[in-house]
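Descriptive analysis of the structure
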Number of protein chains: 4
Amino acid sequence: MCGIFGVYGHPEASNLAYLGLHAQQHRGQESAGISASDGQRQRTWRGMGLVVDVFNQERLKHLPGRAAIGHVRYSTAGDSDLANAQPFAVRHGRGQLAVAHNGNLVNAAALRREMEQRGSIFTSTADTEVIVHLLARRQERRLVERVRAVIGEIRGAYSLVLLTERALVATRDPWGFRPLALGRLRRPDGGEAWVFASETSAFDLINATYVRPVRPGEIIVVDRNGLHSFEGLPAEQPHFCVFEHIYFARPDSMLGDSSVYESRDLLGRQLAREQPVSADIVIPVPDSGTTAALGFARESAIPFGMGLIRSHYVGRTFIEPQESIRHFGVRLKLAPVRHLIDGKRVCVVDDSLVRGTTSRKIVTMLRQAGAREVHLRISAPPTRHPCFYGIDTPSYEELIAAQKTPAEIAEYIGCDTLGYLSLEGMLGALGQRRGAFFCDACFSGEYPVAADPPTPARALRTAARR
Amino acid sequence: MCGIFGVYGHPEASNLAYLGLHAQQHRGQESAGISASDGQRQRTWRGMGLVVDVFNQERLKHLPGRAAIGHVRYSTAGDSDLANAQPFAVRHGRGQLAVAHNGNLVNAAALRREMEQRGSIFTSTADTEVIVHLLARRQERRLVERVRAVIGEIRGAYSLVLLTERALVATRDPWGFRPLALGRLRRPDGGEAWVFASETSAFDLINATYVRPVRPGEIIVVDRNGLHSFEGLPAEQPHFCVFEHIYFARPDSMLGDSSVYESRDLLGRQLAREQPVSADIVIPVPDSGTTAALGFARESAIPFGMGLIRSHYVGRTFIEPQESIRHFGVRLKLAPVRHLIDGKRVCVVDDSLVRGTTSRKIVTMLRQAGAREVHLRISAPPTRHPCFYGIDTPSYEELIAAQKTPAEIAEYIGCDTLGYLSLEGMLGALGQRRGAFFCDACFSGEYPVAADPPTPARALRTAARR
Amino acid sequence: MCGIFGVYGHPEASNLAYLGLHAQQHRGQESAGISASDGQRQRTWRGMGLVVDVFNQERLKHLPGRAAIGHVRYSTAGDSDLANAQPFAVRHGRGQLAVAHNGNLVNAAALRREMEQRGSIFTSTADTEVIVHLLARRQERRLVERVRAVIGEIRGAYSLVLLTERALVATRDPWGFRPLALGRLRRPDGGEAWVFASETSAFDLINATYVRPVRPGEIIVVDRNGLHSFEGLPAEQPHFCVFEHIYFARPDSMLGDSSVYESRDLLGRQLAREQPVSADIVIPVPDSGTTAALGFARESAIPFGMGLIRSHYVGRTFIEPQESIRHFGVRLKLAPVRHLIDGKRVCVVDDSLVRGTTSRKIVTMLRQAGAREVHLRISAPPTRHPCFYGIDTPSYEELIAAQKTPAEIAEYIGCDTLGYLSLEGMLGALGQRRGAFFCDACFSGEYPVAADPPTPARALRTAARR
Amino acid sequence: MCGIFGVYGHPEASNLAYLGLHAQQHRGQESAGISASDGQRQRTWRGMGLVVDVFNQERLKHLPGRAAIGHVRYSTAGDSDLANAQPFAVRHGRGQLAVAHNGNLVNAAALRREMEQRGSIFTSTADTEVIVHLLARRQERRLVERVRAVIGEIRGAYSLVLLTERALVATRDPWGFRPLALGRLRRPDGGEAWVFASETSAFDLINATYVRPVRPGEIIVVDRNGLHSFEGLPAEQPHFCVFEHIYFARPDSMLGDSSVYESRDLLGRQLAREQPVSADIVIPVPDSGTTAALGFARESAIPFGMGLIRSHYVGRTFIEPQESIRHFGVRLKLAPVRHLIDGKRVCVVDDSLVRGTTSRKIVTMLRQAGAREVHLRISAPPTRHPCFYGIDTPSYEELIAAQKTPAEIAEYIGCDTLGYLSLEGMLGALGQRRGAFFCDACFSGEYPVAADPPTPARALRTAARR
């Protein structure tokens, strides 16, 4: 639940990183950072807040060079601190190194303990620092060999971009949990630069062309000799995070060969087939539910309307750090259009249902606006299990679907009917057999990579939330 | 192009004003302010920026009392200064007075000149200061009489809320150019408070009930004796600003008895009838074009898709103060969904076309995303004339429809076809005969109230923009 | 208790104002402001805080022109608001006008009431706004005549600089309560600019030459025809504020023909003669007591030492707005040098004794540092009366010398002996007979100009302090 | 050129650290930080700027516990970055650790290289990180043994305070280059807390009692078993930094058994004997030259005056990071008192002469103020060599006394005569034989501990300055 970016071979590398992070701002709003290399020296600037708050032209000028990486970070309670902002940048035996990381290692705590036993020190609680430590102590001569050795030591979900004074490396875990795309960008002088991003929306903004995803287990090195692909680890059975399609990615992004917009449209259509409803109007919970609601309306032939208006002056519900603001935020963020709702049987479509608190408020709001019936449809299965691969889902205690049956949930939320998409329906809509191409652990509880005992950081976050 | 709010008779008056302004933030983002009265003393706080930036709980605590008014202000080039923030608050012969004003007086410059000749001083360039001066020098004993006398002196568009130590007054010009709604709010103690707002969206957020619009020419006084309505000036032929329906108001607001959402839906449907198109998909320019695009798609039976994704991390195009940011803003703000556009004949629906620069960029963006054809449809007639009643439209030189024919505009913008809604179609869709109920001067050039020679302030703004 | 500055005829007028205010920062730290005129248009920027915080090169660039005035404002409880920052700048019948004012009018409340009755509005609580109102309603053709008419209406202490689009005016009340100096500055092109400042320290920083004080009752107009002096009001018996010599002005400034440094040296010498002491060391309360302590030590032939070290990281005691900070401030600000004090009979010299709270803490601190005896000597008489002419002294209730005898004060403070300078001694040391050249009302209670009933603003401040 | 502080056993540990750092603010103004331990967990907050800017009550509340350490850091060009702010706080194999360090290691670069070869990573350029790494990899069971082992590995100047979850450690290099004092503080409950500070001025502010210096080579451990002193390394021939007496420390501090005030007084007296002058007045360059000037004046029987007034609104010359500000700063900071100077033969006393640029401006300023002759006297020998032990002196190229003879310097500066104190005179005045108790390497070039080749950080700084 972070966004990363990398560029190699362009005179305005840090400006491109700035734009590439801005286009991925929805992936994390707590901190932003950029490291740039000019062939001799690497410089880093990081700060708390949005990309536009952390950087300005003055600061970008102080990040010269033709290669850069960047990171936007999602906030989790308990570690909202600048020390955890990325890229994580250090000096070590071979010079300078900066790493931007999206994902979650399942053996980070064990690796950290082991290294601490051997005398290493840690200035942050981020997994990234573990990776940097591992890289720094490898003795292999070639950078790609050191990276290959390190990805042999870490386990879990990761998409990484890594910058030295002279090279950029991108790699992805063998299961391909988290996205990482490769693109190409024409330079003013006619030459070509290479770009990497969590989402292709970053490429569109800077007029780069999407080439292909970085492959699970692949290591790509870009330096003055050009771009070279290496086999890092043999690819495992792919397990791309299905939640990226459902909620997290922007609808204009491509994930592999799939359009996120199309995925959501298909999920909405399948939902309409599985969970039909007699209603006068279909409305989305904007913006994340809009595409699925359009698919649902089309498939069910029920008129579609924007029955909830979203304010542009507050952030994304799911992504706010404090419980109190989140609750207050629902009312500040969404407003019902009485004209569409009053006296109507309303079907409201949302992308997921995690704690249930937001949905409950929305149903109340719709009833106050005159809805005769409120039918809630979720374009995903019940979220019953926490994620250990980088999505900041709550613990079992807070996941309403882990605690209640759908009927109990409907009662809690106050809707007339509640319908989830089935696991099979979801996977079928996305064109895959179950377990084959997606990680659906948050729905199925089938974790492709066994998790360590909770790390102190995760335990801390959980504690802080209670 | 401002938002105003007032509340009388509630122990949390300034908190309600805060929320009421937040719900009208789309009406102005440059400055925000609240004045509150505790029956003895009036206090004011104003600042540059969004409501959430200007106020916090600490500051609201320093605005005690059961009555409050508030204002959000739109920025116009050349007068982005705290001195112009509202409410405009003063001490005068009868105590304290604060005024929040939405609109534009056509005789402000003349009144100002006349008062200056007589020795008055002005600390801002706002029309509001003229109104406050007029109020201060009236000798009538009763507040309502002083207000009545003053609205006999000013001419133009205004909706006002006015606060003394002990009373709240709301009034509206005889033509009813700008909106002002009256609502009712149940207090915790079971009693009732009265609220006023430019848009009813403010009432929904605070759970107030919309009662009716303040009538053109009406003066409403609320004090400890309750709410009383007075005839201020005899109502003229109504001329409510049609642009509020087309673009400015939030779709969840009611303007008089009309739902803004419904208005835009009807405009989109009429546009589809007048300007049919052969296209594979209808997409809106979000968010202001979305409702009309949905109506257009329904009427034309062409599939609808959210082909342009709007970033939540940049503000509204039309409403940014600096030309350079506005241009850069289009790319940062809107991103095409290639999946929906590539290889398609795309019909893009927007609410209005003012300078043409944004539309041109959008068409280019859609072609780069693979659109085979791009057809632009505008759910309003060509904007050919500046507004003198409070909407910050550009001068004739910058209004593309005042300078070019539709064919020339289409060529400039680069679309395959361009279709505007007719003036008759617009008025018909909104259920009115021409000139009867709306001010459509920006389209027709028929100004219901003759404008003075440009005021220094407006001339200044125009100059600053060139 | 403010500092003002003016310059006419220099291409870097606002930069000079910036420096001139910085050199007078000790006269007021709450707000700072500059108005500049380019011959056609006047622009103003004001802000809360120090000159260096309010202004930067960017902002000074937006204040072009060859004439400028500036103001630093001292904070008084209850009106710490930007609306009270100066220069007070307005548009009126003859164009633009900005005024910076040091002093206090005794008939401001009456004038304000009268103008309010006649319909005027006031946006601040500052006397300056009264002056601007009076100026704006005068009908005389020439600026100097309008100024002359206005100074005929106001009574009290004032030194003013006033800027129009094309002229600068400086004037001073007929008693000459507050300082205002005239200087000359060579321009880069060889021509000459005229400068005005409360203190000549401003001239030294910008390499200007001190010419003479503006005379009591004089009006000086500078415009493209050069500098012209007019008789405004016939000068009264001079009553220059003696407290400027004792405490307020910088020691490197000239007040009239007198060096402030010399004045304080002479006061210290006279104090040594009047209030001799048997002590091992003389130490000052730095910085305001340093010069008098040096004089005391020289005259008494007792060794001098810097027995109290002043921190550079906190502000001036007397000039902080909040009581709590002031008290905590004594310990943060001053530190005893044990080496000089331990086992010694210490004579500590301060410039004045107002509330007694600071002195009490100092005596305690010195005893904790080992002082065997502590003798307090004050280089001024007991402060027994409040000031109505612009120095923010506390009310009678808080003036310790208005409530207690010297013996009681010594007991409260905890010193072994306490000695004040006599009124006659003070005036003699400053080379004057009693009442002849100085206002000594804060010591003698003889007010040269009768005060109105307290203004609301002053009453408010007094109330706020209790 | 930093200040450190530590406290163990007091319920308001972080508040005391805040005050203790404030009292040492003169030792570093670039960044400030505090780490506090509550027996279980350690928390750290660091920020750029002054202590009062970095901390407020809210932040101090988030640093609970009965033990705390703090640091203020001086800025050196090229590494003005938050990553270099202290305390340096990490997690390692035995828990949490924070270190605050004053000094400079001569083998830091070598240790860093060696650790980097073995795979360690460095996030800052500070020597402190080297020390933390060394501590983390020690395997000894007891904390004191680990500290002892580490100080066996590092060489150079250091005074350290170190905090774990449950213990505080203070230690000092065997030469005793940099100061570190031990004090005792009575708790509200009658018990006793232990405090450590670079300067005893910190003790005075918090009402602690100075006990003794931490001895060279000593390790003091404070935990729930009380305070215990251990021999770390055998003490070498003492080499306490003489520049602390001359310039760096506050005059109210004790360094060992010596009063800094007394030291400066004696240096000024010896200077008067060695370099007599025929002058009408002796004036200091305030504040650092004031005490020596008083001694000079007393010894020479020439009258003393405060001929240069220092502004309270700008920082200390020597300690600003940017060359341009430093130069401009001289005029903004010091103002001549013409009354004392005009027509006089002026002897101006300063504590040291490093680059000569400030002195040159002062001489010019005095001549402009009318000085007939200007005689410069320096209460230290010529500064001819850079410091490798923690004072940020410039390189040989910039040290004017390394490049020019005294006669040439006098000519450059523009004074009539220039007189330095002799090395022997300085050491004699301070009561020591040459080389016996002081490090005087900056004057003599005799470095007690051989320096490594310049570290990259120092080379960087030097490069950045050119």
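Residues numbered from 1 in each chain as written. Chains lettered and ligands numbered in written order. Predicted model: local features only at pLDDT ≥ 70, side-chain atom pairs only at ≥ 80, totals over all residues. Heavy atoms only, no water.

A word on the overall build of chain A
Short version of the rule: Secondary structure elements are defined from DSSP: runs of H or I of at least 4 residues count as helices, runs of E of at least 2 residues count as strands, and each element is numbered from the N terminus. The globule rule used for comparison is 2.2 Å times the number of residues to the exponent 0.38, while the radius of gyration itself is calculated over C-alpha atoms. Note on contacts: a residue pair is in contact if any heavy atoms of the two residues lie within 4.5 Å. Each accessible area value is a Shrake-Rupley result obtained with a 1.4 Å probe; residue values ignore everything except the protein chains displayed when judging cover. The charge count includes Lys and Arg as positive and Asp and Glu as negative, but it does not include His or the ends of the chains. Each charge is placed at NZ for Lys, CZ for Arg, CG for Asp and CD for Glu.
When you go through chain A residue by residue, the secondary structure sums to 18 helices and 23 strands. Taking 2.2 N^0.38 as the reference for a compact globule, 466 residues should give roughly 23 Å; the C-alpha atoms of chain A span a radius of gyration of 22 Å, in line with that estimate. Based on the C-alpha atoms only, the size of chain A along its principal axes is roughly 70 × 50 × 40 Å. Residue pairs at least 24 apart in sequence account for 69% of intrachain contacts in chain A once pairs closer than 6 positions are excluded. As presented, chain A carries roughly 16000 Å² of accessible surface, and 49% of it is formed by carbon and sulfur atoms. Taken as two groups, the 56 positive and 49 negative side-chain charges of chain A have centres that lie 3 Å from each other.

Things to note about the interface of chain D and chain A
How we decide: Computed with a 1.4 Å rolling probe, the buried area is the accessible surface lost when two parts are put together, summed over both parts. A pair is scored as a salt bridge if a Lys or Arg side-chain nitrogen falls within 4 Å of a carboxyl oxygen belonging to Asp or Glu.
At the junction of the two partners, chain D supplies 23 residues and chain A supplies 23 residues. Approximately 1900 Å² of surface area, both sides summed, lies buried where chain D meets chain A, with 56% of it carried by carbon and sulfur atoms. Looking only at chain D, the three residues that lose the most surface to chain A are Arg91, Glu116 and Ile121 of chain D, adding up to 29% of its buried area. At the surface where chain D touches chain A, the tally comes to zero salt bridges.

Digging into the relation of the copies chain A and chain B
Definition in use: For this overlay, a least-squares fit was computed on C-alpha atoms, restricted to residues scoring pLDDT of at least 70 in both copies.
Taken as rigid bodies, chain A and chain B are interconverted by a rotation of 180° and an axial shift of 0.0 Å, the fit giving an RMSD of 0.1 Å. The superposition of one copy onto the other is thereby described by a two-fold rotation axis. Considering only C-alpha atoms, the residue of chain A closest to the rotation axis is His312 of chain A, which sits at 3.2 Å. When the interface residues of chain A are mapped onto chain B, 100% of them are again interface residues, pointing to one common binding face.

Digging into the domain arrangement of chain A
In plain terms, the rule: Segmentation of the chain into domains, including their bounds, is taken from an automatic or database domain assignment.
Each assigned domain of chain A is listed here: domain 1 (3-239) and domain 2 (257-432). On a C-alpha basis, the centres of domain 1 of chain A and domain 2 of chain A stand 34 Å from each other.

Section: the confidence of the model for chain A
Under the convention used in this document: One confidence number per residue, pLDDT, is output by the predictor and ranges from 0 to 100.
Looking at chain A, pLDDT values average 89 and 91% of them are 70 or higher. In the predicted structure, residues 454-466 of chain A sits below a pLDDT of 50 and forms 18 contacts with residues beyond four places in sequence or in another chain.

Re a positive patch on the surface
Short version of the rule: Each patch groups residues whose relative accessible area exceeds 30% and which form no salt bridge, using 9 Å between like charges and 5 Å between nonpolar side chains of Val, Leu, Ile, Met, Phe, Trp and Tyr.
A contiguous patch of positive charge on the surface is contributed by Arg331, Arg360, Lys361 and Lys404 of chain A. Looking at where Lys361 of chain A falls in the secondary structure, it is placed in helix H13 (residues 357-368).

Things to note about the pattern of salt bridges
To keep things clear, this is the line we draw: A 1.4 Å probe rolled over the protein chains alone gives each residue an accessible area, and that area as a share of the maximum for its type sets the label: buried under 20%, exposed over 50%, partly exposed in between.
Applying the stated criterion to the full structure yields 91 salt bridges over all chains. Between Arg27 of chain C and Glu199 of chain C there is a salt bridge, with its nearest N and O atoms 2.6 Å apart. Here Arg27 of chain C is found in the loop between helix H1 (13-22) and strand E2 (31-37), whereas its partner Glu199 of chain C is found in the loop between strand E10 (192-197) and helix H7 (201-205), with 172 residues between them in sequence. Take Arg27 of chain C and Glu199 of chain C: they sit in the same class, and that class is buried. Each of Glu114, Arg118, Arg137, Arg138, Glu140 and Glu153 of chain D takes part in one network of salt bridges that share partners.

Concerning the nonpolar core
We apply this condition: Only buried residues count toward a nonpolar core. Its members are Ala, Val, Leu, Ile, Met, Phe, Trp, Tyr and Cys residues joined through side-chain atoms within 4.5 Å.
In this structure, Leu366 and Met426 of chain C together with Leu366 and Met426 of chain D are the most contacted members of the largest nonpolar core, which totals 160 residues. With sequence-adjacent residues up to four places away left out, Met426 of chain C is seen in contact with Val242, Ile246, Leu267, Pro381, Leu421, Asp440 and Phe443 of chain C. One finds Phe177, Ala371 and Ile400 of chain A together with Leu255 of chain B within the second-largest nonpolar core, a separate group that totals 159 residues.

A closer look at the sheet that holds strand E9 (residues 181-186) of chain A
In sheet architecture, strand pairing relies on hydrogen bonds along the backbone and comes in two forms, parallel and antiparallel. Residues and elements named next belong to chain A. Note the following rule: Two strands qualify as a pair provided DSSP detects at least 2 bridges between them. Note on definitions: angles span 0 to 180 degrees between N-to-C directions of axes, and those axes are lines fitted to C-alpha atoms, for helices only across the stretch in contact.
Taken together, the seven strands give an open sheet; going across it, the order is E3-E2-E4-E1-E10-E9-E11, and neighbouring strands pair in antiparallel fashion. In this open sheet, the two strands that pair with only one neighbour each are strand E3 (42-48) and strand E11 (209-213). Direction aside, neighbouring strands of the sheet carry axes that sit 15° apart on average. When strand E2 (residues 31-37) meets E3, the two strands line up antiparallel, connected through seven bridges. Residue pairing for E3: Ala32 is matched across the bridge by Gly47.

Brief notes about H1 of chain C
Within H1 of chain C, nine of the 10 residues are buried, which leaves it mostly tucked inside the rest of the structure. Listing the buried residues of H1 of chain C in full gives Ala13, Ser14, Leu16, Ala17, Tyr18, Leu19, Gly20, Leu21 and His22 of chain C.

Quick word on the relation of the copies chain D and chain A
The two copies are related by a screw operation: chain D maps onto chain A through 179° of rotation and 0.1 Å of translation along the axis, at an RMSD of 0.1 Å. The share of interface residues of chain D whose copies in chain A are also at the interface is 96%, consistent with both copies meeting through the same surface.

A closer look at the environment of Arg155 of chain A
Residue and element names in this part refer to chain A. Inclusion rule: Under the rule applied, a polar contact is a pair of N or O atoms within 3.5 Å (in protein, one hydrogen donor and one hydrogen acceptor; residues adjacent in sequence only if both atoms are side-chain atoms).
Summarising the element assignment, Arg155 is placed in the loop between helix H6 (143-151) and strand E7 (156-163). C-alpha separation for the pair Arg155 and Ala451, spaced 296 residues apart in sequence, amounts to 9.2 Å. Polar contacts involving the side chain of Arg155 include one to the main-chain carbonyl oxygen of Ala450, which spans 3.5 Å.

Digging into the side chain of Arg178 of chain D
All names here are of chain D. Within the element layout of this structure, Arg178 appears in the loop between strand E8 (168-172) and strand E9 (181-186). Residue Arg178 is classed as buried on the basis of its relative accessible area of 1%. The residues touching Arg178, leaving out its near neighbours within four places in the chain, are Asn102, Gly103, Ala157, Ser159, Arg172, Asp173, Phe240, Cys241, Glu244, Tyr389, Gly390 and Ile391.

Some details on the packing of helix H9 (residues 260-274) of chain D against helix H10 (residues 290-300) of chain D
Residues and elements named next belong to chain D. Rules: Should an angle lie under 35 degrees it is considered roughly parallel, over 145 roughly antiparallel, and from 65 to 115 roughly perpendicular; all remaining angles are considered oblique. Note on convention: near helix rotated counterclockwise from far helix by under a right angle means a left-handed crossing. Clockwise means right-handed. Throughout this entry, Asp, Glu, Lys and Arg are counted as charged residues, while Ala, Val, Leu, Ile, Met, Phe, Trp, Tyr, Cys and Pro are counted as nonpolar. The remaining residues, Gly among them, count as polar.
Their axes nearest at 7 Å, the elements H9 and H10 cross at an angle of 45°. Here H10 runs oblique to H9, going by the angle between their axes. Regarding H9 and H10, the two cross each other, and that crossing is right-handed. In contact with Tyr261, Arg264, Asp265, Gly268, Arg269, Leu271, Ala272 and Arg273 of H9, H10 contributes Thr291, Ala292, Leu294, Gly295, Phe296, Arg298, Glu299 and Ser300. Looking at side-chain class alone, the contact of H9 with H10 contains six nonpolar, four polar and six charged residues.

Things to note about the interface of chain A and chain B
Reports of interface size often rely on the accessible area that becomes lost once the parts have come together. Contacts between the two partners involve 39 residues from chain A and, on the opposite side, 39 residues from chain B. Approximately 3500 Å² of surface area, both sides summed, lies buried where chain A meets chain B, with 62% of it carried by carbon and sulfur atoms. Looking only at chain A, the three residues that lose the most surface to chain B are Tyr261, His312 and Tyr313 of chain A, adding up to 21% of its buried area. Where chain A packs against chain B, one counts zero salt bridges. Linking chain A with chain B are 10 residue pairs in polar contact (both at pLDDT 80 or more), by the criterion used here. Within the side of chain A that touches chain B, the residues separate by chemical class into 19 nonpolar, 12 polar and eight charged.

Describing the sheet that holds strand E21 (residues 373-378) of chain C
All names here are of chain C. Strand order in this open sheet of four strands is E17-E20-E21-E22, and the pairing throughout is parallel. The open sheet has two edge strands with one neighbour each: strand E17 (281-284) and strand E22 (417-420). Sheet twist, expressed as the mean angle between neighbouring strand axes with direction ignored, is 20°. Two strands pair when backbone bridges link them, and E17 and strand E20 (residues 345-350) are joined in this way by four bridges, in the parallel orientation. Of the residues in E20, the one forming a bridge with Ile283 is Val348. Where helix H9 (residues 260-274) meets the sheet, it contacts E20, E21 and E22, and its direction lies at approximately 125° from that of E22.

Details of the state of the cysteines
Residue and element names in this part refer to chain A. To be explicit about the condition: Two cysteine sulfurs form what is called a disulfide whenever their separation falls within 2.5 Å.
Counted under the stated rule, the structure contains zero disulfides over all chains. In this structure Cys415 is not part of a disulfide, and its nearest cysteine sulfur, from Cys347, lies 10 Å away. Under the relative-accessibility criterion, Cys415 is labelled buried at 8%.

Some words on unusual backbone geometry
Cis geometry is adopted by the peptide bond preceding Asp287 of chain A, which originates at Pro286 of chain A and carries an omega value of -10°. Within the secondary structure layout, Asp287 of chain A lies in the loop between strand E17 (281-284) and helix H10 (290-300). Even without glycine at this site, Ala301 of chain B takes up a positive phi of about 60°. For Ala301 of chain B, the position within the fold is in the loop between helix H10 (290-300) and strand E18 (308-310).

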